[in-house]
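# Examination of the molecular architecture
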Amino acid sequence: MIARWLTRFLQPRCIGCGRAAVVGLCDDCAVRLPHLGIHCPTCANGVADARFACGTCLRRPPAYSRLLVRWQFRDVVRSTILRGKFYADRCALRVLEDETRRLLHAHPVQVDAVLAMPIANRRLHQRGFNQTLFPARAAARLLGVPLVAEGVFYKEGRAPQSLLPTHAARRRNIRGAFAVRDTLPARLLLVDDVVTSGATLHEAARALRTAGVQDVVALAIAAAHRGTS
C-alpha cells in the first residue's frame, strides 16, 4: 500500500498539464506550445516571407549566419526555461534537450562542433551550472560532433541583459563581453536558451568570427517575438 502510494507520488509528471506520466512534456502539451510564427531567418522579427531577412538584419546583419528557433517565450515555454535555468529542474532541462533535437531534425545543419552560450562566472557559481549545456550537449550528440565546453569565456562586470529596458542598452552592455582563448573549428553551432534583442548572440558570434571561425549558426529554444521591422 505504502509502496504503491510512493510510486504514484514520485512518478514523473508532465510539466505542462501535470497529469501525464512522462519526463518532460506529454504529446498533447507539446503540440500546444506557442509557435513563433513566420520570422526572419536571422532574428526573431516577424516578417511576411521567411525566405528574406527583415529590415533590421539588412541594415545591421548579425555576426551569425542563421538563427534556428521555433517557440515564443511565453506560457509553458517560459515557465519551462525558467525552471531549468534557476531551479535545475531535470524535467524542464529534458524538455530543452528534446526541443533542440526536434528543431535540428526539422532544420539540419552542417557544423564541426557545438558551443553552449557561456555565462558569467558569478552567475555560474550562483546557479552551479550553465543551463545551455543541456540543449548544447543534446545537439552535439545528435549531430555527431564535439561539444566545445571551454573555448569561449564571458567577462565579468556586465549587468544581466534581462534587467535592461531597451535593445540599444543591451547592445551597449554586452559589447566586448566575450573572448576566445582556444583554436576553434571552422563551423560552429552556438546554442542559447532565449533570444530577445539578439545582442548576446551577435556579440558572442562576433568574437568567434574575429578569432577565425568561418561560420556561426545560432540556435535558441525560444524568442521574445517582435513585430515586423
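Residues numbered from 1 in each chain as written. Predicted model: local features only at pLDDT ≥ 70, side-chain atom pairs only at ≥ 80, totals over all residues. Heavy atoms only, no water.

### Regarding the pattern of salt bridges
A side chain with one charge may pair with a side chain of the opposite charge, provided their charged atoms come close. What counts, and what does not: In what follows, salt bridge is the name for a side-chain nitrogen of Lys or Arg lying within 4 Å of a carboxyl oxygen of Asp or Glu. By the criteria applied, helices consist of DSSP H or I runs no shorter than four residues and strands consist of E runs no shorter than two, each listed in order from the N terminus. Here the term buried applies to any residue with accessible area under 20% of the maximum for its type, exposed to any over 50%, and partly exposed to those in between, with areas from a 1.4 Å probe on protein chains only.
Applying the stated criterion across every chain yields a total of 11 salt bridges. Between R74 and D75 there is a salt bridge whose closest N-O contact spans 2.2 Å. In this structure, the salt-bridge partner of D112 is R187, at a minimum N-O distance of 2.9 Å. Of this pair, D112 sits in the loop between α5 (90–106) and β4 (113–116) while R187 sits in strand β8 (residues 187–195); the two residues are 75 residues apart in sequence, bridging distant segments of the chain. In this structure R187 comes out as partly exposed when scored by relative accessible area, which is 31%.

### Overview of the pairing of strand β9 (residues 215–223)
Definition in use: DSSP bridges decide pairing: two strands pair if at least two such bridges lie between them. Call a crossover right-handed when, viewed with both strands pointing away from you, the route from the first strand across the helix to the second goes clockwise.
With 8 of its 9 residues buried, β9 lies for the most part within the structure. Alignment of strand β2 (residues 66–68) against β9, held across 3 bridges, turns out to be parallel. Bridge pairing in β9 links R66 to V217. In terms of strand pairing, β8 meets β9 through 8 bridges, oriented parallel. Counted as the bridge partner of V194 is A222 from β9. Once you follow β8 into helix α9 (residues 199–210) and on to β9, the crossover reads as right-handed.

### Examining the environment of H35
Heads up, the rule is: Contact criterion: two residues are considered in contact whenever any of their non-hydrogen atoms come within 4.5 Å of each other. Between N or O atoms, a polar contact is any pair within 3.5 Å; within protein, one atom must be a potential hydrogen donor and the other a potential acceptor, and residues adjacent in sequence are included only when both atoms are from side chains.
Tracing the chain through its elements places H35 in the loop between α2 (27–30) and β1 (45–46). Residues H35 and A222 lie 187 residues apart in sequence; the distance between their C-alpha atoms is 9.2 Å. When neighbours within four sequence positions are excluded, H35 is seen to be in contact with R70, W71 and Q72. A distance of 2.9 Å separates a polar atom in the side chain of H35 from the backbone nitrogen of G37.

### Things to note about the packing of aromatic side chains
Defined as follows: A pair of Phe, Tyr and Trp rings is counted when the ring centres sit within 6.5 Å of each other, with Trp represented by its six-membered ring. The angle between the planes then sorts it: under 30 degrees is stacked, over 60 is edge-to-face, the rest tilted. Charge over a ring is defined by NZ of Lys or CZ of Arg lying within 6 Å of the ring centre and within 35 degrees of the ring normal.
Applying the stated criterion across every chain, the model contains 1 aromatic pair. Here the aromatic rings of F129 and F134 are separated by 6.1 Å at their centres, their planes lie at 80°, and the arrangement is edge-to-face. Here F129 and F134 have matching classes, each one buried. For R137, the ring lying beneath its charged end belongs to F134, and the centroid distance is 5.6 Å.

### So, the confidence of the model for the protein chain
Where the model shows low pLDDT, its predicted coordinates should not be examined in detail. Here is the rule: Each residue carries a pLDDT score, the predictor's confidence in it, ranging from 0 to 100.
For the protein chain, the average pLDDT comes to 85, and 84% of its residues sit at 70 or higher. By mean pLDDT, helix α1 (residues 2–10) is the weakest element of the protein chain at 47, and helix α7 (residues 133–143) is the strongest at 97. This stretch, residues 1–9, has a pLDDT under 50; its non-local contacts, to residues over four places away or in other chains, come to 1 contact.

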